[in-house]
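Listed here are the chains, written in short residue letters.
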Amino acid sequence: MSVEHGRFEGSIRRGNSTMSVMSSSANSTIMQPPGGRSRGDARYRQHAPHQSGSVVKPPNEPADLVKRALDFKTQGTQCYKDKKYREAIGKYHRALLEMKGLCRVLGDPDTSKSPSTVLTSISKSSLTDEQKGAVENAELECYNSLAACLLQMELVNYERVKEYCLKVLRKEGENFKALYRSGVAYYHLGDFNKALHYLKESHKQQPTDTNVIRYIQLTEMKIRRNAQREKSEVP
């Protein structure tokens, strides 16, 4: 083989090697994502800790839950004043949910219990006596207001009205609104003896209330009619 031929073959081999390197480099460039970073860089970014824009949300603090509950209750009251009864019901329910969440945070997961009962039974908590009192008052106001909202609906769920009022009366046995609304609920549910009991109890609180007087008269009339009907049916 001549020197010139050997040089020519060497040039071809070197050229092919150069082309192979260039081709490999080109393929590598095509496979890279925009920005010139390799897949390895992308994987690193996935697992690398975020340096900015990531805020770890702290757990709910009892005081924050109290504030949210009171805020929802206030919003519900405003909706009731604006005659937005469905919206008011939603706000009052949300307030009660926040109170139940407060109980879970304080260590009692039983959501069937009344929040005010749970707060009373917990000896140690991060809440002040003022905050506990505010939650207890807000709970009673929510149940009383829920009953009031339901009575404004076109189709009234009197069973639910009764349920909410009795929750209030378990804590405040002389609550006028709860007594009166319980009487109204029992009247429409057909339990006139219980209706008369609660109506008369509310009458003791406010003797001049015309709505109470009217429902007492209606209830007594129903009781008399039922007595007359039963008497006439006796052989």
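Residues numbered from 1 in each chain as written. Predicted model: local features only at pLDDT ≥ 70, side-chain atom pairs only at ≥ 80, totals over all residues. Heavy atoms only, no water.

(A) Inspection of the overall build of the protein chain at higher detail. When you go through the protein chain residue by residue, the secondary structure sums to ten helices and zero strands. Taken from N to C terminus, the helices and strands of the protein chain fall in the order α-α-α-α-α-α-α-α-α-α. Taken across its 235 residues, the protein chain has 31% of its residues classed as buried. The contacts of the protein chain with a sequence gap of at least 6 include a subset with a gap of at least 24, amounting to 53%. Total accessible area computed for the protein chain in this model is approximately 15,900 Å², and 51% of it derives from carbon and sulfur atoms. (Helix = DSSP H or I, 4+ residues; strand = E, 2+ residues; numbered from the N terminus. Buried < 20%, exposed > 50% of the residue type's maximum accessible area, 1.4 Å probe, protein only. Contact = heavy atoms within 4.5 Å. Areas by Shrake-Rupley, 256 points an atom, 1.4 Å probe, with all protein chains shown as cover.)

(B) Seen up close, the pattern of salt bridges. Per the stated rule, a full pass over the model turns up seven salt bridges. Across the pair Glu163 and Arg160 runs a salt bridge whose closest N-O atoms are separated by 3.4 Å. Of this pair, Glu163 and Arg160 both sit in helix α7 (residues 158–171), separated by three residues, roughly a single helical turn. Residue class for Arg160 comes out partly exposed when judged on its relative accessible area of 35%. Via salt bridges that share partners, Arg68, Arg94 and Glu98 belong to a single interconnected network. (Salt bridge = Lys/Arg side-chain N within 4 Å of Asp/Glu carboxyl O.)

(C) How the structure looks around unusual backbone geometry. Although it is not a glycine, Lys83 sits at a positive phi angle of roughly 60°. Structurally, Lys83 is set in the loop between α3 (62–81) and α4 (85–105).

(D) Geometry of the confidence of the model for the protein chain. When the pLDDT values of the protein chain are averaged, the result is 79; 66% of them are 70 or greater. Of the regions scoring below 50 in pLDDT, residues 2–40 engages in eight contacts with residues more than four places distant in sequence or in other chains. In the predicted structure, residues 42–58 sits below a pLDDT of 50 and forms one contact with residues beyond four places in sequence or in another chain. (pLDDT = per-residue confidence, 0-100.)

(E) Inspection of the packing of α7 against helix α8 (residues 176–189) at higher detail. In the contact formed by α7 and α8, the axes pass within 9 Å of each other and the chain directions differ by 150°. On the basis of their axis angle, the class for α7 and α8 is roughly antiparallel. Seen from above, α7 lies across α8 with left-handed handedness. Here Tyr158, Glu159, Val161, Lys162, Cys165, Leu166, Val168 and Leu169 of α7 come into contact with α8, specifically with Ala178, Leu179, Arg181, Ser182, Val184, Ala185, Tyr186, His188 and Leu189. The class makeup of the residues in the contact of α7 with α8 is twelve nonpolar, two polar and three charged. (Axes fitted to C-alpha atoms, helices over the stretch in contact; angles between N-to-C directions. Parallel < 35°, antiparallel > 145°, perpendicular 65-115°, else oblique. Left-handed = near helix turned anticlockwise from the far one by under 90°. Nonpolar A, V, L, I, M, F, W, Y, C, P; charged D, E, K, R; others polar.)

(F) Region of the structure containing the nonpolar core. Ranked by internal contacts, the top residues of the largest apolar core, which has 47 residues, are Met99, Leu102 and Leu146. Secondary structure elements with two or more residues in this core: α3, α4, α6 (129–151), α7, α8, α9 (192–205) and α10 (210–233). The element contributing the most residues to this core is α6, with nine residues. (Core = buried A, V, L, I, M, F, W, Y, C linked by side-chain atoms within 4.5 Å.)

(G) Structural view of α4. Taking 1.5 Å of rise per residue, the 21 residues of α4 would be expected to cover 30 Å, and the 30 Å separating its terminal C-alpha atoms lies within 8% of that figure. Among the residues of α4, Tyr85, Ala88, Ile89, Tyr92, Ala95, Leu96, Glu98, Met99, Gly101, Leu102 and Cys103 are the ones counted as buried. (Expected span 1.5 Å × (residues − 1).)

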